[in-house]
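Architecture at a glance
The chain contents come next:
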Amino acid sequence: MQDIFNEITQDFRYDHELNGCLNCGICTATCPSAHFYDYSPREIVQLLWTENVEQVYNAMQEKIWACAQCMTCAARCPFRNSPGGLVMIMREVAIKHGFESAKQVLRPFGRVMLKLITTGNQLSPDMIQPDAFPDWGPNIQKVEGDLQTLRNAIPVKTLQTVETAWEVSLKTSVEMYTIWEMTGVLSSLETMDENLYDVIEDFIDEKREDYEDWLEEQEED
Amino acid sequence: MADQNTPDQGGIAGHGSFFQPTDLSPQEAQAATEWVRKEVDKRRYQNEERVDDIREHMWELEKDGEIIVHRIKDEHEPIDVETLYGWNKRIPTKQLWHHKSCGQCGNIPGYPASLLWLMNNLGMQPGKDYLDETDQTSCTAWNYHGSGIGNVESLAAVFLRNFHQAYVSGKQHGYDDGHFFPLVHCGTSFGNYKEIRKYLIESAELREKVTKILDKLGRTVDGKLVIPEEVVHYSEWVHVMRNRIASELQTIDMSNIRVTMHVACHYYKMIHEDAVYDPNVLGGNRTAIGTAMAQALGAQVIDYSTWYDCCGFGFRHIISEREFTRSFTIDRKIKVAQEEAQADVMLGNDTGCITTMDKNQWIGKAHNQPYQVPIMAEVQLAALACGADPFKIVQLQWHASPVEELVEKMGISWADAKANFEAYLKEVEKGNIEYLYNPELAYGGTN
């Protein structure tokens, strides 16, 4: 538990995000998550500020996942603390240590992670369809039609895609995969969701092969 | 019911048992509230002396030969604006490399289409004055904020990779390095890139780590990292061009349109010293972008009590905690814009905000909260005011909120525009597609 706490406080961002706290509560007053969850940015700051190791550990089980990352807290804090930034560090440490609670919280987020890590676009037209979002209503789009045709009607060539938000070149994708590997993003993903990691690994291998083939074709030409 | 203010019964809900109530008298509480309103809600300069201007350290690193700064030059025809702390920020107005937004392109394509349409109509030449290409990823910060699986090192590497590409992108079109300057479409990317730039400039260790990655990718110049002089948001471009847009392009009288503005949190709450403020726009208490544009078009700009609130997007929440997202956006934004401001439209400048507020209105009926307000980006409204087609250019067909009423109020026939667009879709099916620029440019072709 102490090790977890030390890992948070030793992050190079920690001194940026925590300068002091008068417990004034301005951060919590307009925190959207404080309206709906048992969550208060002031509590997060106070727990870290007073080195309440056990309660910090407990907050990492659930509370930190309530934060909406809007950073309203940071903009308002008279001391220039960033509770949202502290939450970001705590989330990363929770993931690094494979907290079960983090795995559960992130499971419904897997589809977005799959899209992001494989394409570099978080959202794509094929994800935002009425069947996936019934609560967005029957009027989710104002013109009926085939999705590809509707995309082709956007007067910007790079956007006429369905599986990605815009067309991303193969070279770009392969460079991004190298970044994921070298910075430990794929390791974090493996810790969180091994099945998703396997799917993504297969996808990356396939794309890399495509890129190698493309390079060979260029050389032959 | 237990008195939640009593410390030995658990303290004030959600704030921990250690929390002590203040026991302020009503007069003292009023005084404290006034202090908050004066010191916090009013965005006057209050911390500038305690904050370093990171750009000054960037110049030093450049002088020491550690980095290359992607400069804004005279040929970019920059216009100066003032930021929250009174610092100067140069906004390039041409030779721009469009750094796209995954949310906008995937979900609200009227943003980028309207922006390019305005640039074309201001006489800009695609391939020379701006470039849209396939060699870029998003900033990938949605994963960072949403899941914590992304990390600073990965974000820094993505930032430097993308902006290196912006720096060298002119080469294949016959221009020098640095010809195109990046213009960031997304509020999250804008905040993320500024935060990451700050970390990169402050941390030699981070620079050393990412230099190895960028070297491996062939994304350094003479072994050095390339960092842009400014991180510039598309709304800042619209802001500095607003008077030209209004005077040269506007065709529709907007004086009967009531506008409310919601600025993306990550535009002005992350690295907020860099956000554009103008004492003449809402008293300088709100960042000026968007609002000043609506004023320039002659619309009625209405302030409202929850201007400062976020939209409820939450990154992870809009996907997996949708009841939070829709409750917050209805209670704090849509309902207020309708009841308090009687708004004809709520404008935003980021994909997350527009998606959240646009898509989460219908479900309100189930909770007896039937609040409906059209939601779109400020650049979409600007294009509409300048006569852009609501479907072909502004792409309002992707919106769920009742944008039809606004379009009609502006004197544009929704029914006629829709019929024209449906006829156009038949042409699209035959391959007769209209583009804003030569599509070959996206793949490195010349114009």
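Throughout this description, residue numbers start from 1 for each chain and increase along the sequence as written. Written order decides the labels, with chains lettered from A and ligands numbered from 1. Given that the model is predicted, a residue must reach a pLDDT of at least 70 before its local features are reported, and side-chain atom pairs must reach 80 or more before they are shown or counted; all residues, however, enter totals for whole chains, interfaces and linings. Remark: hydrogens and water are excluded; side-chain values derive from all non-hydrogen atoms of the structure.

**Observations regarding the nonpolar core**
Side-chain atoms within 4.5 Å link the members of a nonpolar core, which is a set of buried Ala, Val, Leu, Ile, Met, Phe, Trp, Tyr and Cys residues. Classification of residues uses two cut-offs on accessible area relative to the type maximum, computed with a 1.4 Å probe and protein chains only: under 20% is buried, over 50% is exposed, and between them is partly exposed. Of all hydrophobic cores here, the largest spans 207 residues; its most connected members are A:Ile8, A:Leu48, A:Met60, B:Trp237 and B:Met410. Looking at which domains feed residues into this core, each of domain 1 (54–228) and domain 2 (251–427) of chain B supplies at least three. If sequence neighbours within four positions are ignored, A:Met60 has contacts with A:Ile4, A:Ile8, A:Trp65, A:Met90, A:Val93, A:Ala94, A:Phe99 and A:Ser101. How far each domain reaches was decided by an automatic or database domain assignment. Whether two residues touch is decided by their heavy atoms; if any such pair falls within 4.5 Å, the residues are in contact.

**Points about the packing of aromatic side chains**
Geometry of aromatic contacts follows a simple scheme: Phe, Tyr and Trp rings, the Trp one being its six-membered ring, pair when their centres are within 6.5 Å, and the pair is stacked under 30 degrees between planes, edge-to-face over 60, tilted otherwise. What the rule picks out here adds up to 23 aromatic pairs over all chains. In textbook terms, an aromatic cluster arises when at least three aromatic residues are bridged by ring pairs, as seen for A:Phe36, A:Tyr37, B:Phe324 and B:Phe328. Against the face of B:Tyr267 rests B:Lys194, its NZ or CZ located 6.0 Å from the ring centre. To sit over a ring, a charge needs its Lys NZ or Arg CZ within 6 Å of the ring centre and within 35 degrees of the ring normal.

**Things to note about the packing of helix H12 (residues 170–182) of chain A against helix H6 (residues 152–168) of chain B**
In the contact formed by H12(A) and H6(B), the axes pass within 9 Å of each other and the chain directions differ by 155 degrees. By the criterion of interaxial angle, the relationship of H12(A) to H6(B) is roughly antiparallel. For the pair H12(A) and H6(B), the sense of crossing is right-handed. Each of A:Thr172, A:Glu175, A:Ile179, A:Trp180 and A:Met182 in H12(A) lies in contact with H6(B), whose residues at this interface are B:Glu153, B:Ser154, B:Ala157, B:Val158 and B:Arg161. Among the residues forming the contact of H12(A) with H6(B), the class breakdown is five nonpolar, two polar and three charged. Angular values range over 0 to 180 degrees, each being the angle between N-to-C directions of two axes fitted as lines to C-alpha atoms, with helices fitted over their stretch in contact. Counting from the N terminus, the helices are the DSSP runs of H or I reaching at least four residues and the strands are the DSSP runs of E reaching at least two. Oblique is the label for every angle not falling under 35 degrees (roughly parallel), over 145 degrees (roughly antiparallel), or within 65 to 115 degrees (roughly perpendicular). Left-handed describes a crossing whose near helix is turned anticlockwise from the far helix by less than a right angle; the clockwise case is right-handed. Three classes are used: nonpolar for Ala, Val, Leu, Ile, Met, Phe, Trp, Tyr, Cys and Pro, charged for Asp, Glu, Lys and Arg, and polar for all others, with Gly counted as polar.

**A look at helix H14 (residues 351–359) of chain B**
Residue and element names in this part refer to chain B. Of all nine residues in H14, nine are buried; the element is thus mostly enclosed. Of the residues making up H14, those classed as buried are Thr351, Gly352, Cys353, Ile354, Thr355, Thr356, Met357, Asp358 and Lys359. Close packing links the buried residues of H14 with helix H3 (102–107), helix H4 (110–121), helix H12 (317–320), helix H13 (322–339), strand E10 (345–348) and strand E11 (375–377). Here a polar contact is taken to be a pair of N or O atoms separated by no more than 3.5 Å, where protein atoms must pair a possible hydrogen donor with a possible acceptor and residues adjacent in sequence count only if both atoms sit in side chains. Measuring from the backbone nitrogen of Gly352 back to the side-chain oxygen at the start of H14 gives 3.0 Å, which picks out Asp350 as the cap.

**Focus: unusual backbone geometry**
One non-glycine residue with positive phi stands out, namely A:Glu51, at about 55 degrees. Note on placement: A:Glu51 falls in the loop between helix H5 (41–49) and helix H6 (53–59). In this model, B:Ile271 sits at a positive phi of 50 degrees, which is unusual for a non-glycine residue. Examined against the element boundaries, B:Ile271 turns out to sit in the loop between helix H10 (265–268) and helix H11 (291–296).

**Observations concerning the interface of chain B and chain A**
Contact residues are listed per partner, giving 117 residues for chain B and 97 residues for chain A. Contact between chain B and chain A buries roughly 8,900 Å² in total, counting both sides, with carbon and sulfur atoms accounting for 65%. In what follows, salt bridge is the name for a side-chain nitrogen of Lys or Arg lying within 4 Å of a carboxyl oxygen of Asp or Glu. Where chain B meets chain A, there are six salt bridges. A:Glu175 is the partner of B:Arg219 in a salt bridge, and the nearest nitrogen-oxygen pair spans 2.9 Å. A quick way to say it: buried area is the sum, across both parts, of accessible area lost when two parts are put together, with a 1.4 Å probe.

**Things to note about the sheet that holds E10(B)**
Only strands that DSSP links by at least two bridges are regarded as paired with each other. Sheet architecture is open: four strands sit in the order E9-E8-E10-E11 (chain B), paired in parallel fashion. Edge positions in the sheet fall to strand E9 (300–301) and E11 of chain B, since each has one partner strand and no second.

**Quick notes on the pattern of salt bridges**
Pairs can form between side chains of opposite charge whenever their charged atoms are close. Following the criterion strictly, the structure yields 38 salt bridges over all chains and no others. Here B:Glu321 ties to B:Arg316 by a salt bridge, and the two come within 3.4 Å at their closest N and O atoms. Grouping residues by exposure puts B:Glu321 and B:Arg316 together as buried. The salt bridge partner of B:Lys359 is B:Asp358, with a shortest N-O separation of 3.8 Å. Through salt bridges with shared partners, a single network forms among A:Lys171, A:Glu175, B:Asp135, B:Arg161 and B:Arg219.

**Considerations on the sheet that holds strand E4 (residues 96–99) of chain B**
All names here are of chain B. Read from one edge to the other, the open sheet built from three strands follows the order E5-E4-E6, with strand pairing classed as parallel. Lying at the two open borders of the sheet, with one neighbouring strand each, are strand E5 (130–131) and strand E6 (181–184). Pairing between E4 and E6: four bridges, direction parallel. Within E6, the residue paired with His98 across the bridge is Leu183. The strands that H4 touches are E4, E5 and E6; relative to E4, the one it contacts most, it runs at about 165 degrees.

**Considering the UniProt feature "domain: Cysteine-rich" (unreviewed entry) in chain B**
UniProt positions are given in the numbering used here, feature names are shortened, and annotations may be inferred rather than shown by experiment. Per the UniProt record, "domain: Cysteine-rich" (unreviewed entry) is found at residues 259–357 of chain B. Counting secondary structure, residues 259–357 of chain B comes out at 39% helix and 9% strand; the distance between its end C-alpha atoms is 15 Å.

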